[in-house]
Each structure stands twice: as structure tokens, then as C-alpha cells.
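Structural overview
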Amino acid sequence: MGDVDPEILFLYRSLDLGGVLLMGILGGTIARQRHFDVMGFLFLALFSSLGGGMIRDALIGRGTVAAMAQPEYLALAFSGAIIAWLTNFRGRAWELFQVHADAIVLGASSARGR
């Protein structure tokens, strides 16, 4: 990625990290629906935000998975869990946001390759 404009790299990185936080929140909202304790929130946030990338990195033999090599991924996933634990997201507006945000994160992750 040496020839890529730094602004594009910044955009990719921002979408990637924002997606991790958002998927952590989405995982936390599922934990709330299931009446999990705080450990359940952390567990679901971790796997909803980082599980797919961790499995992919392990299957292709990439070495240390990105989620473990870069601590900001774990911090953002757990931050999303804590946000969802402290805030009860609900209502029609949240449901619409959740669906659209999930689609945006999926598209950004696909474009980034993570």
C-alpha cells in the first residue's frame, strides 16, 4: 500500500476502527437483550467485532492476528461493550441505525479486506 494517498489510508483506518467500535456496541445490545452480565457483554462485543477477522487471519496463516497485534482493536471492542452496558439502545430509530450501520461496516470491512 505504498502508493496509496495518505488521506485514503486515513479514511480506511477510520472506517475500520469505527466499525470495530460499532460492532462492539451491536454485540453489547444483543447481550442486553439476553440479560447477560458484564462479562457476557465483553465476550459478545469481542466476537461480534473481531471474530471474523481473527478467524480469517488464522486460516490464511497471517501470523499474529491483527486484533491481538494492535491493542486499539481490543480497546475499541471492549469500549463498545461498556457503552452498550451503560446505555440501553432501543426504539425504532436505533433499529434503523443498527441495520444501516451494520451494512456500512460490512461494506467498509470488505473494501479494506478485514
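Reading the values: rules and limits
Residues numbered from 1 in each chain as written. Predicted model: local features only at pLDDT ≥ 70, side-chain atom pairs only at ≥ 80, totals over all residues. Heavy atoms only, no water. Axes fitted to C-alpha atoms, helices over the stretch in contact; angles between N-to-C directions. Helix = DSSP H or I, 4+ residues; strand = E, 2+ residues; numbered from the N terminus. Parallel < 35°, antiparallel > 145°, perpendicular 65-115°, else oblique. Left-handed = near helix turned anticlockwise from the far one by under 90°. Contact = heavy atoms within 4.5 Å. Nonpolar A, V, L, I, M, F, W, Y, C, P; charged D, E, K, R; others polar. Salt bridge = Lys/Arg side-chain N within 4 Å of Asp/Glu carboxyl O. Buried < 20%, exposed > 50% of the residue type's maximum accessible area, 1.4 Å probe, protein only. Core = buried A, V, L, I, M, F, W, Y, C linked by side-chain atoms within 4.5 Å.

This part is about the packing of helix 1 (residues 6-33) against helix 4 (residues 71-86). Where helix 1 contacts helix 4, the axes come no closer than 7 Å and their chain directions differ by 40°. In terms of orientation, helix 1 lies oblique with respect to helix 4. As helix 1 packs across helix 4, the resulting crossing turns out to be right-handed. In this structure, helix 1 contributes Arg13, Asp16, Leu17, Val20, Leu21, Gly24, Ile25, Gly28, Thr29 and Arg32 to the contact, and helix 4 contributes Glu72, Tyr73, Leu76, Ala77, Ser79, Gly80, Ala81, Ile83, Ala84, Trp85 and Leu86. Each residue belonging to the contact of helix 1 with helix 4 can be placed in one class, and the counts come to 12 nonpolar, five polar and four charged.

Moving on: the packing of helix 1 against helix 2 (residues 38-59). Closest axis-to-axis distance for the helix 1/helix 2 pair is 7 Å, and the angle between their directions is 135°. Regarding the angle of helix 1 to helix 2, the classification is oblique. Here helix 1 runs over helix 2; the crossing is right-handed. Contact residues: Val20, Met23, Gly24, Gly27, Gly28, Ile30, Ala31 and Arg32 in helix 1; Gly40, Phe41, Leu44, Ala45, Ser48, Ser49 and Leu50 in helix 2.

So, about the pattern of salt bridges. Applying the stated criterion to the full structure yields two salt bridges. For Arg13, the salt bridge identified is with Glu72, shortest N-O distance 2.1 Å. Taken together, the residues Arg13 in helix 1 and Glu72 in helix 4 connect sequence positions 59 residues apart. According to the relative accessible area criterion, Glu72 is partly exposed, its value standing at 28%. The partner of Arg56 in a salt bridge is Asp57, with the nearest N and O atoms 2.6 Å apart. Among the residues examined, Asp57 registers a relative accessible area of 2% and is labelled buried.

This part covers the nonpolar core. Counting 10 residues, the largest nonpolar core consists of Leu17, Val20, Leu46, Leu50, Met54, Val65, Ala66, Ala67, Tyr73 and Ala77. When contributions to this core are tallied by element, the ones reaching two or more residues are helix 1, helix 2, helix 3 (66-69) and helix 4. Among the elements that take part in this core, helix 2 stands out by supplying three residues, more than any other. The next biggest cluster of nonpolar side chains, apart from the first, holds seven residues, and it includes Ile25, Leu26, Ala101 and Val105.

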